[in-house]
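What follows is each chain in one-letter form.
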Amino acid sequence: MSDLSFEEMLEDSLVTIHNGEVVEGTVIEVKDNEIILNIGYKADGILTKNEYSNNADIDLTAEVKKDDKMTVKVLKVNDGEGQVLLTYKRLQQDKMNKIFEEAFENKEVLTGKVVAVLKGGLSVAYGEGRVFIPASLVSDLYERDLSKYQDQEIEFILTEVNPHKRRIIGDRKQLIVEQKKKAQEELLARIEVGMMIEGTVKNLTDFGAFIDLGGADGLLHISEMSWGRVDDPKKLFKVGDKVTVMIKDIQDTKIALTMKLEENNPWRDAADKYGVGTVITGKVARMTDFGAFIELEEGIDALLHVSQISIDHVEKPSDVLKVGQEITAKIVDFNEDTKKISLSVKAIEIENKKEAEASESKEAIDEE
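Worth saying up front: this structure is predicted, and the values here are computed from it rather than measured.

Notes on the environment of Glu298
Item 1. Within the secondary structure, Glu298 sits in the loop between strand E17 (291-297) and strand E18 (300-305).
Item 2. Considering only alpha carbons, one finds Glu298 and Arg229, 69 residues apart in sequence, at a separation of 7.8 Å.
Item 3. A polar contact is formed between the side chain of Glu298 and the side chain of Ser226, at a distance of 2.7 Å.

Listed below in structure tokens is the structure:
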């Protein structure tokens, strides 16, 4: 017979555990804020909600059931009340740290869900771990408001893994830059000057529009938007518009675009329509001290010099004309090379005056 008491034999049959040790346990009871486990020790193990998960809203009763087997880590063998404090989330974090270290070494692209938008960046869930992406590494463009990323799945790589300082840092910007560079190279390899291409208006400025061509942006300068005069690109386009443009020039990675095509060039048959002596009707487009520019059609303006506005003396065009006013004038000069047309209202008035005088003379002779 053994000289040991029942209590001593029972204690000998129980395992010995230490802080930091990983043990197996069986769930005895699940409460709202803690899980009680039999870990084969003289005292049961207590796994609090806070040590089960970082998610404060998690429902333990939905996650764990009685008699479930769990692998946990010992935080304290004795919490002062004879209980063993356990952790589940830190054990999972240890596993995740190894995964993060391997991903960092292999420069692996990871995909996680944004679970929190913080003041300085994004908190991204990957497995049971958390990765912090600083605001400066979220995008290749400055973004003041990161809230649009909430609950989004995003890709990133790891730039720092330091479990001791609990620093797992991700970088999304690097991937975006690489993807854009690759797309740009593919676009530049397939486009050439003179090619028609469809794009999307990405941004509008006073001097033109930047068009997303699917890999790189091209500039559609205000002077290339129309054969006619364009004062404000925002009156022609809005961000998101689909446009068809022609590649005008490629210099390294800079792409110049145009919508001024030969088939819609109004000067192509201008010589037939605006020969010297032709009487035309147009609208006053703009005025200067020396004359008024009359729009004959989109892309073709003609100069009505101040001396040709009227048979009477005119000090300045704005004294007798206003923008948008329709006027009828005669073409007195046409230069296709310089694309300049000169008009005269005075010539018509002189002709009308001569005709009136001739008519009056004829009527006087007839009366005699």
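Once you've had a look at it, read on.
Regarding the side chain of Ser53
Item 1. Assignment of secondary structure puts Ser53 in the loop between helix H2 (49-52) and helix H3 (60-63).
Item 2. On the accessibility criterion, Ser53 (17% relative accessible area) is buried.
Item 3. If we skip the residues at most four places from it in the chain, Ser53 touches Ile58 and Lys89.

What to know about the pattern of salt bridges
Item 1. Following the criterion strictly, the structure yields 14 salt bridges and no others.
Item 2. Notably, a salt bridge pairs Glu224 with Lys248, separated by 2.6 Å at the nearest N-O pair. Of this pair, Glu224 sits in the loop between strand E13 (217-221) and strand E14 (242-251) while Lys248 is found in strand E14, placing the two residues 24 residues apart along the sequence.
Item 3. Here Arg286 and Asp301 are joined by a salt bridge, their closest N and O atoms 2.8 Å apart.

A look at the packing of aromatic side chains
Item 1. Tallied over the entire structure, the rule returns five aromatic pairs.
Item 2. Relative to Tyr88, the ring of Tyr52 has its centre 5.0 Å away and its plane inclined at 15°; by these criteria the two rings are stacked. With Tyr52 in helix H2 and Tyr88 in the loop between strand E5 (84-87) and helix H4 (89-105), this pair connects stretches of sequence that are 36 residues apart.
Item 3. Seen in terms of ring centroids, Trp267 and Phe334 are 6.1 Å apart; in terms of plane orientation they differ by 40°. Their pairing is tilted. Placement of Trp267 in the loop between strand E15 (254-258) and helix H6 (270-273) and of Phe334 in strand E19 (residues 326-335) is noted, with a sequence separation of 67 residues between them. Both residues of the pair, Trp267 and Phe334, belong to the buried class.
Item 4. Over the aromatic face of Phe293 sits the side chain of Arg286, whose NZ or CZ is 4.5 Å from the ring centroid.

Regarding the sheet that holds E19
Item 1. Strand order in the closed barrel made by the five strands is E16-E17-E18-E20-E19, with mixed pairing throughout. Each adjacent strand pair in this sheet contributes to an overall mean axis angle of 55°, direction not counted.
Item 2. The pairing of strand E16 (residues 279-287) with E19 spans five bridges and is classified as antiparallel. Each bridged residue has a counterpart across the sheet, and for Val279 the counterpart in E19 is Lys330.

A short note on unusual backbone geometry
Item 1. One non-glycine residue, Asp67, adopts positive backbone phi at about 80°.
Item 2. When you line up the elements, Asp67 lands in the loop between H3 and strand E4 (69-76).
Item 3. In this structure Asp67 comes out as exposed when scored by relative accessible area, which is 52%.
Item 4. Phi at Asp252 is positive, roughly 60°, even though this residue is not glycine.
Item 5. Tracing the sequence through the fold places Asp252 in the loop between E14 and E15.
Item 6. Residue Asp252 is classed as exposed on the basis of its relative accessible area of 68%.

A look at H4
Since the α-helix turns once every 3.6 residues, residues separated by three or four places project in the same direction.
Item 1. With 17 residues, H4 should cover 24 Å at 1.5 Å per step; its first-to-last C-alpha distance of 24 Å lies within 8% of that length.
Item 2. Phi for Lys107, located one or two positions after H4, is positive at around 55°.

Conventions adopted
- Residues numbered from 1 in each chain as written.
- Predicted model: local features only at pLDDT ≥ 70, side-chain atom pairs only at ≥ 80, totals over all residues.
- Heavy atoms only, no water.
- Helix = DSSP H or I, 4+ residues; strand = E, 2+ residues; numbered from the N terminus.
- Polar contact = N/O pair within 3.5 Å; in protein donor to acceptor, adjacent residues only side chain to side chain.
- Buried < 20%, exposed > 50% of the residue type's maximum accessible area, 1.4 Å probe, protein only.
- Contact = heavy atoms within 4.5 Å.
- Salt bridge = Lys/Arg side-chain N within 4 Å of Asp/Glu carboxyl O.
- Phe/Tyr/Trp six-rings, centres within 6.5 Å; stacked < 30°, edge-to-face > 60°.
- Lys NZ or Arg CZ within 6 Å of the ring centre and 35° of its normal.
- Pairing = 2+ DSSP bridges.
- Axes fitted to C-alpha atoms, helices over the stretch in contact; angles between N-to-C directions.
- Expected span 1.5 Å × (residues − 1).

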